[in-house]
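What follows is each chain in one-letter form.
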Amino acid sequence: MSEELIRLENVSCMYGKISALKNLNLTINKGDYIGIIGPNGSGKSTLIKSILGLVKLSEGQIYYLDQVNCKKKLKMGYVPQISDVNRYFPISVLEVVLTGKMDSSIKPFFKYSKKDILDAHRMLSMVGLENQKDRQISELSGGEFQKMMIARSLIMNPDILLLDEPTAMVDVLSQRQILNLIRQLSKEITIILVTHQIQDVMKHVSKLVYLEKNVIAEGDPEEVYKYAYLKPVGKRRKA
Amino acid sequence: MISAIFEYQFLQYAIIAAFMASIVSGLISVIIVEKKLVMMTGGIAHTSYGGVGLSFLVGFQPIIGAFLFSILAALGISFINNKLTGIKDIVIAMFWSLGMALGVLFVGMTPGYPPNIQSYLFGNILSVTGFDLILMAVLTVIVVLVIVIFFQDWKAHLFDQEFTKVLRKKTTVMENILLVLLAITVVVLIRVVGIILVIALLSVPAATSSLLTSKLHLRMIYSALFSLFFILTGLFISYLTDYSSGAIIVFVGIITYVLVWWAKIRSAKSMIRKVRASNG
């Protein structure tokens, strides 16, 4: 039986008076490659942010390695939506990747070690940006930007990688490259991928989750896809 | 003017104040522009007028009153915004107008002749006092040390605050420290350009330097140099013409921005022409 990494029990999240997640239950096991799909506003990003501890839960609990609300037990890599980050901030590609080497402490005159820099080069090479390390991020294309963000997460050596629409606002070729890269990574790291590219990831994910504030359907990707998108709305039952 | 600098203490004070104001505005204006905190800065600056008014009524140094009200405004706006998300603009507007209203009321309630509040509203670098200089020096050292010592953490925080939260850094503490630095900067700059014009010195130098470099530390250095140029030029023209130094500093800053922007566009166009010519 697979080792359980994260378990969400009756998780609810509110933004003011608006409910983003409602009584959501989900288990993430080691080695899972889970695709999260659903319409806009269905709580996909909130689900990722609640796992990362970026939003407060109004109800429910999240267990990390079977311990409640103990995020520090897991190393979690995060690739946010491209629109959530200041793409024109004056910082180089290498510097962004290196921020993944930081820890929770705030150290005076902090300097990255030689090993950190070598690791950053290795990660950039893995995502195909080895020649871009000194470029400013404002000069990158959408695809290059997202590859850089993946490299930043990978340098953390994460137990789980959470990606929020990494192929949004990216050209078709880069979309394929990014999805291929994620597929390769899924052989070694547990992955949660929020995406609208359902057709492209369906063959590769181990589980598909259809969300509409809570889990409407989860399991075999083909079944969930058919249930979510091919059945008339009125005939849907919770799967 | 050079001989006058050696002769008059008020000019010496003004030049020392210009250097300190340039350093803080250089560092903080880049952060303000990147974090999109310009309106927040306006709110803090205008709230500080309440402190200036209170100091006249109660009888203590106006810059201390401005300092206390600025800190309260920075932390108050942040606290309310965190509790009631999505109404930041409204909270800023309320603090902005409340600070000004309190200032007007306190000045009105002050017995005797109305105090000279003009230099706090529009700045007058030539009227900086010895006490102002000491406070400005202490605040400048605090701002420089906090930014320089923790530069890498600030860089990560400013680029992607959510990610630093994922790294379990104390982002709320960092955000509050940033707001306190912002309030301190406003106080340092009030005597130079005044409450109403302070936004200019906290946005124009950073905006101008962003036209020239894409590196954070260089932006801060260029921004400080631009700020020094704006203030010293404003001071020089003000000394010669007797017009308000604050207004001239802002005017010089905005003209410089437009000129640098125009030069950049021209250089980009000429580069395109050269590339086209070399390609036949």
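Definitions and cut-offs
Residues numbered from 1 in each chain as written. Chains lettered and ligands numbered in written order. Predicted model: local features only at pLDDT ≥ 70, side-chain atom pairs only at ≥ 80, totals over all residues. Heavy atoms only, no water. Contact = heavy atoms within 4.5 Å. Buried area = accessible area lost by both parts, 1.4 Å probe. Salt bridge = Lys/Arg side-chain N within 4 Å of Asp/Glu carboxyl O. Polar contact = N/O pair within 3.5 Å; in protein donor to acceptor, adjacent residues only side chain to side chain. Helix = DSSP H or I, 4+ residues; strand = E, 2+ residues; numbered from the N terminus. Nonpolar A, V, L, I, M, F, W, Y, C, P; charged D, E, K, R; others polar. Axes fitted to C-alpha atoms, helices over the stretch in contact; angles between N-to-C directions. Parallel < 35°, antiparallel > 145°, perpendicular 65-115°, else oblique. Left-handed = near helix turned anticlockwise from the far one by under 90°. Pairing = 2+ DSSP bridges. Buried < 20%, exposed > 50% of the residue type's maximum accessible area, 1.4 Å probe, protein only. Phe/Tyr/Trp six-rings, centres within 6.5 Å; stacked < 30°, edge-to-face > 60°. Lys NZ or Arg CZ within 6 Å of the ring centre and 35° of its normal. pLDDT = per-residue confidence, 0-100.

Brief notes about the interface of chain A and chain B
Step number 1: Contact with chain A, which involves 37 residues of that partner, is made by 23 residues of chain B.
Step number 2: Considering only the surface of chain A that becomes buried against chain B, Phe 89, Pro 90 and Ile 106 of chain A emerge as the three largest contributors, covering 22% of it.
Step number 3: Our count for the chain A to chain B interface comes out at 3 salt bridges.
Step number 4: In this structure, Arg 152 of chain A and Asp 160 of chain B form a salt bridge, with 2.9 Å as the shortest nitrogen-oxygen distance.
Step number 5: At the boundary of chain A and chain B, one finds 11 residue pairs in polar contact (both at pLDDT 80 or more).
Step number 6: Among the elements of the structure, α1 (44–52), β6 (76–79), α2 (93–98) and α4 (142–154) of chain A are those that each provide at least two residues to the side of chain A that touches chain B.
Step number 7: For the side of chain A that touches chain B, the leading source of residues is α4 of chain A, giving 3 residues.
Step number 8: Class assignment of the residues belonging to the side of chain A that touches chain B gives a composition of 22 nonpolar, 7 polar and 8 charged.

Description of the packing of helix α4 (residues 62–83) of chain B against helix α10 (residues 171–201) of chain B
Residues and elements named next belong to chain B.
Step number 1: α10 packs onto α4 with a crossing angle of 150° between their chain directions and a minimal axis gap of 9 Å. As summarised for this structure, α4 and α10 are arranged roughly antiparallel, according to the angle between their axes. Seen from above, α4 lies across α10 with right-handed handedness. Along the contact surface, α4 presents Ile 63, Ala 66, Phe 67, Ser 70, Ile 71, Ala 74, Leu 75 and Ser 78, while α10 presents Asn 176, Leu 179, Val 180, Ala 183, Ile 184, Val 186, Val 187, Ile 190 and Arg 191.
Step number 2: Its residues assigned to classes, the contact of α4 with α10 comprises 13 nonpolar, 3 polar and 1 charged.

Describing the sheet that holds strand β4 (residues 59–64) of chain A
Hydrogen bonds between backbone groups are what pair the strands of a sheet, and the pairing can be parallel or antiparallel.
Residues and elements named next belong to chain A.
Step number 1: Across the sheet, 4 strands lie side by side as β2-β1-β4-β5; this open sheet has antiparallel pairing. On the outer flanks of this sheet lie β2 (18–29) and β5 (67–68), each paired with one strand and no other.
Step number 2: Here strand β1 (residues 4–15) runs beside β2; their pairing, made up of 8 bridges, is antiparallel. Residue pairing for β2: Glu 4 is matched across the bridge by Asn 29.

Focus on the pairing of β4 of chain A
All names here are of chain A.
Step number 1: Sheet topology note: the β1/β4 ladder contains 5 bridges and is antiparallel. Bridge assignment links Leu 8 to a residue of β4, and that residue is Ile 62.
Step number 2: The pairing of β4 with β5 spans 2 bridges and is classified as antiparallel. Opposite Tyr 63, over in β5, you have Val 68 as the bridge partner.
Step number 3: Taken together, β4 and the strand that follows it, β5, pair antiparallel across an intervening segment of 2 residues, in which Leu 65 is found at a positive phi of about 45°.

Here we look at the side chain of Thr 208 of chain B
Residue and element names in this part refer to chain B.
Step number 1: Relative to the assigned elements, Thr 208 resides in helix α11 (residues 204–210).
Step number 2: Among the residues examined, Thr 208 registers a relative accessible area of 0% and is labelled buried.
Step number 3: Excluding anything up to four places from it in sequence, Thr 208 contacts Phe 226, Phe 230, Tyr 257 and Val 260.

Focus: the environment of Met 156 of chain A
Step number 1: Relative to the assigned elements, Met 156 of chain A resides in the loop between α4 and β7 (160–164).
Step number 2: Between the C-alpha atom of Met 156 of chain A and that of Ile 28 of chain A, which follows or precedes it by 128 residues, the distance is 20 Å.
Step number 3: If we skip the residues at most four places from it in the chain, Met 156 of chain A touches Lys 75, Met 76, Gly 77 and Gly 100 of chain A together with Phe 163 and Leu 167 of chain B.

A few points about the packing of aromatic side chains
Step number 1: As enumerated under the stated definition, the model contains 6 aromatic pairs over all chains in all.
Step number 2: One aromatic cluster is present, formed by Phe 226, Phe 229 and Phe 230 of chain B through successive ring pairs.
Step number 3: Over the ring of Tyr 63 of chain A we find Arg 7 of chain A; its NZ or CZ atom is 4.3 Å from the centre of that ring.

Re the confidence of the model for chain B
Residue and element names in this part refer to chain B.
Step number 1: Across chain B, the average pLDDT comes to 92, with 99% of residues at or above 70.
Step number 2: Considering each helix and strand of chain B separately, the mean pLDDT is smallest for helix α1 (residues 2–7), with a value of 77, and largest for α11, with 96.
Step number 3: Taken over the whole predicted complex, pTM reads 0.88, whereas the ipTM for its chain interfaces reads 0.88.

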